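This is what each chain is made of:
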Amino acid sequence: MVTDSEVDAEAAATDLEQAVAVFASVRPRLFGIAYRMLGSATDAEDLVQEVWLRWQTYDRSKVANPAAFLATAATRLAINELQSARVRRETYIGPWLPEPVDTGADPYLGAERGEALEFAALLLMEKLTPNERAAYILREAFDYSYAQIADIVQSTEPAVRQLVSRARKHMTRERHTPVSAAAQRELLTAFLDAARTGEMAALEKLFAADVTSLADGNGRHKVARRVVVGAAWVAKFLAAMSWFWEGVETRFTTMNGQPCVVLMVDGTVYGLLAIDASADGIEQVLWMVNPEKNAQVAVPV
């Protein structure tokens, strides 16, 4: 004879299995939202885990739409996390760049669209308010309705329309129209050739007039701690650091949906190099060489 306690235990186990299945089905979207909000795969993973803990202990019988409930929880946690993340970055040594993610394998991101994923876009979103960033991401990357976004960020639909509008204006005003992935790879290849030889004239021809070079090393030895701005200055800076390329092997890969180069020293990953380019040339040179951020960077075969 089956006892009441055994029935209760079986029901609890079944309920937990259902909770796991529901969470697993939306987990890619939760990570996609969290990563775009925070610019850090590590922080995004931690946030998704926090959402799971809340989902596991919540009275799920009260949830009519689990996917909406979980997306709301992830977004609100990310808005709160952004506040503390910005405080932490005040003590960061040198420029801060997003943590790379492997979109070639794409095990987590799960977005219907690729918006707000490239490094340059993530950098621009750093200047948005947390609510603007959330509204923009939910609308542009995941195609949420304005009404859905209003529920998530606890606002009104007209206010959300304003948030998205301001965010779009900022993103389009601050960034030139990017070139295709093929053109980006061509420019990246030409950049590598010129940087290795230290040819200033060749480098300047590749650059937009107001090109910037940013290196994220968080105090790593021999990593620039200031942003270098302007075609002539960046070319001069790169020509002066031609020593860097001795013993450095380069391999192309795809991270954050764009062509990148893995920088390898003695068979291990030293960092990641990416560019942002427009019809005017290379707009940004991004050096991601903080060892703590390169866990997602695999050695291409």
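Note: the structure precedes this text.
What counts and what doesn't
- Residues numbered from 1 in each chain as written.
- Predicted model: local features only at pLDDT ≥ 70, side-chain atom pairs only at ≥ 80, totals over all residues.
- Heavy atoms only, no water.
- Helix = DSSP H or I, 4+ residues; strand = E, 2+ residues; numbered from the N terminus.
- Buried < 20%, exposed > 50% of the residue type's maximum accessible area, 1.4 Å probe, protein only.
- Contact = heavy atoms within 4.5 Å.
- Areas by Shrake-Rupley, 256 points an atom, 1.4 Å probe, with all protein chains shown as cover.
- Phe/Tyr/Trp six-rings, centres within 6.5 Å; stacked < 30°, edge-to-face > 60°.
- Lys NZ or Arg CZ within 6 Å of the ring centre and 35° of its normal.
- Pairing = 2+ DSSP bridges.
- Axes fitted to C-alpha atoms, helices over the stretch in contact; angles between N-to-C directions.
- Left-handed = near helix turned anticlockwise from the far one by under 90°.
- Nonpolar A, V, L, I, M, F, W, Y, C, P; charged D, E, K, R; others polar.
- Core = buried A, V, L, I, M, F, W, Y, C linked by side-chain atoms within 4.5 Å.
- Parallel < 35°, antiparallel > 145°, perpendicular 65-115°, else oblique.
- Salt bridge = Lys/Arg side-chain N within 4 Å of Asp/Glu carboxyl O.

**Remarks on the overall build of the chain**
Then, number 1: Each helix and strand counted, the chain has 10 helices and six strands in total.
Then, number 2: Taking the principal axes of its C-alpha atoms as reference, the chain extends roughly 85 × 45 × 35 Å.
Then, number 3: In the chain, buried positions account for 48% of the 301 residues.
Then, number 4: Long-range pairs, those at least 24 residues apart, make up 68% of the contacts in the chain between residues at least 6 apart in sequence.
Then, number 5: Split by element, the accessible area of the chain, about 14,700 Å² in all, is 52% carbon and sulfur.

**Remarks on helix α5 (residues 130–140)**
Then, number 1: The element α5 is extensively covered by neighbouring structure, given that nine of its 11 residues are classed as buried.
Then, number 2: All of the buried residues along α5 are P130, E132, R133, A134, A135, Y136, I137, L138 and E140.

**Remarks on the packing of aromatic side chains**
Then, number 1: All chains considered together, the criterion is met by 11 aromatic pairs.
Then, number 2: Ring centres of W243 and F244 lie 6.3 Å apart, and the angle between their planes is 80°; this geometry places the pair in the edge-to-face category.
Then, number 3: Given the relative accessible area of 12%, F244 is considered buried.
Then, number 4: Feature note: the residues F191, F207, W243, F244, W245, Y270 and W287 constitute an aromatic cluster, connected by ring pairs.
Then, number 5: The ring centre of Y146 lies 4.4 Å from the NZ or CZ of R139, which sits over that ring.

**Side note on the pairing of strand β3 (residues 248–255)**
Regular strands show a simple pattern: their side chains alternate between the two faces of the sheet.
Then, number 1: As defined by bridge partners, β3 adjoins strand β4 (residues 258–265) across eight bridges and the pair is classed as antiparallel. For M255, the partnering residue across the bridge sits in β4 and is Q258.
Then, number 2: Connecting β3 to the next strand, β4, in antiparallel fashion are two residues, including N256 with a positive phi near 55°.

**Quick notes on the packing of α5 against helix α6 (residues 146–153)**
Then, number 1: Where α5 contacts α6, the two axes come as close as 10 Å, and the packing angle between them is 145°. Our pair here, α5 against α6, has a crossing hand that is right-handed. When α5 is examined against α6, the residues A134, A135, L138 and R139 are found in contact with a partner set consisting of Y146, I149, I152 and V153.
Then, number 2: Looking at the contact of α5 with α6 residue by residue, the classes come out as seven nonpolar, no polar and one charged.

**Details of the nonpolar core**
Then, number 1: M37 and V51 are the most contacted members of the largest nonpolar core, which totals 52 residues.
Then, number 2: Elements with a contribution of two residues or more to this core: α1 (4–38), α2 (41–57), α3 (66–89), α4 (119–125), α5, α6 and α7 (157–174).
Then, number 3: For this core, the element with the highest residue contribution is α1, accounting for 10 residues.
Then, number 4: Sequence-distant contacts of V51, that is, excluding residues within four places in its chain, are made with F23, L30, L70, A73, A74 and L77.
Then, number 5: The next biggest cluster of nonpolar side chains, apart from the first, holds 31 residues, and it includes L187, V228, A277 and I282.

**Observations concerning the packing of α6 against α7**
Any two packed helices are characterised by the angle at which their axes cross and by the distance between the axes.
Then, number 1: It is at 8 Å that the axes of α6 and α7 come closest, and there the two elements cross at 100°. Taken together, the axes of α6 and α7 lie roughly perpendicular to each other. Residues Y146, A147, I149, A150 and V153 of α6 touch α7, and the partners they reach there are E157, V160, R161, V164 and R168.

**Describing the pattern of salt bridges**
Then, number 1: Counted according to the given criterion, the structure contains 15 salt bridges.
Then, number 2: Two residues, E50 and R54, come together in a salt bridge whose shortest N-O distance is 3.1 Å. Residue E50 and its partner R54 are located together in helix α2, separated by four residues, close to a single helical turn.
Then, number 3: Take R54: its relative accessible area is 43%, and that puts it in the partly exposed class.
Then, number 4: Between E118 and R175 there is a salt bridge, and its shortest N-O distance comes to 2.9 Å. Within this pair, whereas E118 is found in the loop between α3 and α4, its partner R175 is found in the loop between α7 and α8 (181–197), the two being separated by 57 residues in sequence.
Then, number 5: On the basis of relative accessible area, R175 is assigned to the buried category, the value being 18%.
Then, number 6: When salt bridges with common partners are traced through the structure, they connect D43, E81 and R88 into a single cluster.

**So, the sheet that holds strand β1 (residues 207–216)**
Then, number 1: With respect to topology, six strands assemble into an open sheet ordered β2-β1-β6-β5-β4-β3, the strand pairing being mixed. Across the chains shown, the open sheet's two edge strands, defined by having one partner strand only, are β2 (228–229) and β3.
Then, number 2: The pairing of β1 with strand β6 (residues 281–288) spans six bridges and is parallel. Within β6, the position partnered with D216 by the bridge is M288.
Then, number 3: Together, β1, β3, β4, β5 (268–278) and β6 form the strand contacts of α8, whose direction differs from that of β5 by roughly 120°.
Then, number 4: This element, helix α10 (residues 231–240), spans β1, β2 and β6 of the sheet and lies at about 45° to β1.

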